Amino acid sequence: MASSSLPYFLFSAFLLFISASYAAAESFRPDALVIPVSKDASTLQYLTTIHQRTPLVPVKLVFDLGGQFLWVDCDRNYVSSSYRPARCGSAQCSLARASGCGECYSAPRPGCNNNTCAVSPDNTVTRTGTSGELASDVVSVESTDGSNPGRVVSVSKFIFSCGPTFLLKGLAGGAVGMAGLGRTKIGLPSQFSSAFSFHRKFAICLSGSTTANGVAFFGGGPYRLLPNIDASQSLIYTPLYINPVSTASAYSKDEPSAEYFIRVKSIKINEKAIKLNTSLLSIDKEGVGGTKISTVNPYTVLESSIYKAFTKAFISAAAAINITRAAAVAPFDVCFSSKNVYSTRVGPSVPSIDLVLQNESVYWRIFGANSMVYVSDKVLCLGFVDGGVNPRTSIVIGGKQLEDNLLQFDIASSKLGFSSSLLFWRTTCANFNFTSNP
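About the thresholds
- Residues numbered from 1 in each chain as written.
- Predicted model: local features only at pLDDT ≥ 70, side-chain atom pairs only at ≥ 80, totals over all residues.
- Heavy atoms only, no water.
- Disulfide = S-S within 2.5 Å.
- Helix = DSSP H or I, 4+ residues; strand = E, 2+ residues; numbered from the N terminus.
- Buried < 20%, exposed > 50% of the residue type's maximum accessible area, 1.4 Å probe, protein only.
- Pairing = 2+ DSSP bridges.
- Axes fitted to C-alpha atoms, helices over the stretch in contact; angles between N-to-C directions.
- Contact = heavy atoms within 4.5 Å.

Caption draft 1: Focus on the state of the cysteines. Across all of its chains, the model carries 6 disulfides by this definition. Disulfide pairing is shown between Cys93 and Cys117; the S-S distance is 2.0 Å. Here Cys93 and Cys117 share a disulfide; its torsion about the S-S bond, -90°, makes the bridge left-handed. Here Cys93, found in helix α2 (residues 91-95), pairs with Cys117, found in the loop between α2 and β6 (118-119); they are 24 residues apart in sequence, far enough to count as distant. Judged by its relative accessible area of 3%, Cys93 falls in the buried class. Overall, Cys117 belongs to the buried group, its relative accessible area being 1%. The connectivity of the disulfides in the chain is 1-8, 2-4, 3-7, 5-6, 9-12, 10-11, where the numbers refer to bonded cysteines in sequence order.

As structure tokens, this is what we get:
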């Protein structure tokens, strides 16, 4: 029992640290927070903007569902009177699982200070990691009642990592870092819930449009989309699983993954199960296998044997309704003529895809709007890609398959709520009313 008291002490210290940081700056206590999430047309990355530093400046970030924490480029134009490096041995260092004590051999500046601990900021797009100074600074975001943005609130000592400029390579233009929403004690959801004492849950709703923003909420519902539809009322729940081995580029022994995993037991095309090596669907003791959800992968990635069985079944089901093949268009292998494909409320009229979860009656159904990508007026492709043999994770559910679906991550209860396509409800993730309600 004695060994379990240290994590409790550290987490209690974290709550006190974050709560004190909030209390020093705010008297209004929000029930939830809201941030916009846009889609970059050239990279297909999802982006958000928060305000950070003193004086506050807008900071454009790649939205990384499974990222461990917030990291930003401190080498260029980081100016803030409220920046504070995390000193070695501090509660912040312990919470971030930061070991070691760094020195800097040039003039002190953000990202370069003596007697500070370091973490490993990760560019999860290019799978590049490095070392970065752990620090805290002011972060401000809008509160919400679930229908509109409300008052701006601040956390005065929000923990994040500095990263070098080279780590930005591969990120969307204008991005200066990544916003990590992973299940760590310094991920955005945990820090916001601790600062404002609301539920340890958050929701994402990605828009497929590159001109209309989606939305992310921190805290419980309601999550209202025009015309006054509370998407939190349409959720189906499945357990979240912890991968015992980190999926980051650098990590310490016994460190679990910060990413969000679910258990897919089978896959069906038009309600017919396909034959799979089901051992690939479980996470083994080395942390290999299973299914995770990602906002940095634009399309769902399947292990090769799963991909081959999946595409074979989809092609057969499509042929049965007179949909004919077309030449492949990179990065897709399976494409079709748009002739005989009709438009429906939930996208092109193609075979449905079911990810069957804890039992046969719980499944995530993927319709044409989320399975197909139009590459021209005459050709549309199946928006899934081959992940090769022996990938770290067997199924990575990517951004295209998440769009216009509301996903709620309940960290405290370790469960995922998902809506399936909001198009059935005659709404989309672009329908949150970002008009401020003071």
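Don't stop here, the text continues.
Caption draft 2: Looking closely at the pairing of strand β12 (residues 201-205). Most of β12 is tucked away, with 5 of its 5 residues classed as buried. Two strands pair when backbone bridges link them, and β12 and strand β32 (residues 405-410) are joined in this way by 5 bridges, in the antiparallel orientation. From the neighbouring strand, Lys201 faces β32, where its bridge partner is Asp410. As defined by bridge partners, β12 adjoins strand β13 (residues 214-218) across 4 bridges and the pair is classed as antiparallel.

Caption draft 3: Up close: helix α3 (residues 188-196). Of all 9 residues in α3, 9 are buried; the element is thus mostly enclosed. Those residues of α3 that sit buried are Leu188, Pro189, Ser190, Gln191, Phe192, Ser193, Ser194, Ala195 and Phe196. Where α3 terminates, the next one or two residues include Ser197, which has phi positive at roughly 55°.

Caption draft 4: Spotlight on the sheet that holds strand β30 (residues 384-386). Pairing is mixed in the open sheet, where 5 strands are placed in the order β17-β20-β31-β21-β30. Both outer strands of the open sheet, β17 (260-262) and β30, are each paired with one neighbouring strand and no more. Between one strand axis and the next, the sheet turns through 25° on average, direction left out of account. Examined bridge by bridge, β17 and strand β20 (residues 291-293) share 3 bridges and lie antiparallel to one another. Looking at the pairing, Phe261 lines up with Lys292 of β20. Packed onto the sheet, helix α4 (residues 304-319) meets β21 (300-302), β30 and β31 (395-397) and runs at close to 135° relative to β30.

The analysis is restricted to geometry; functional conclusions fall outside its scope.
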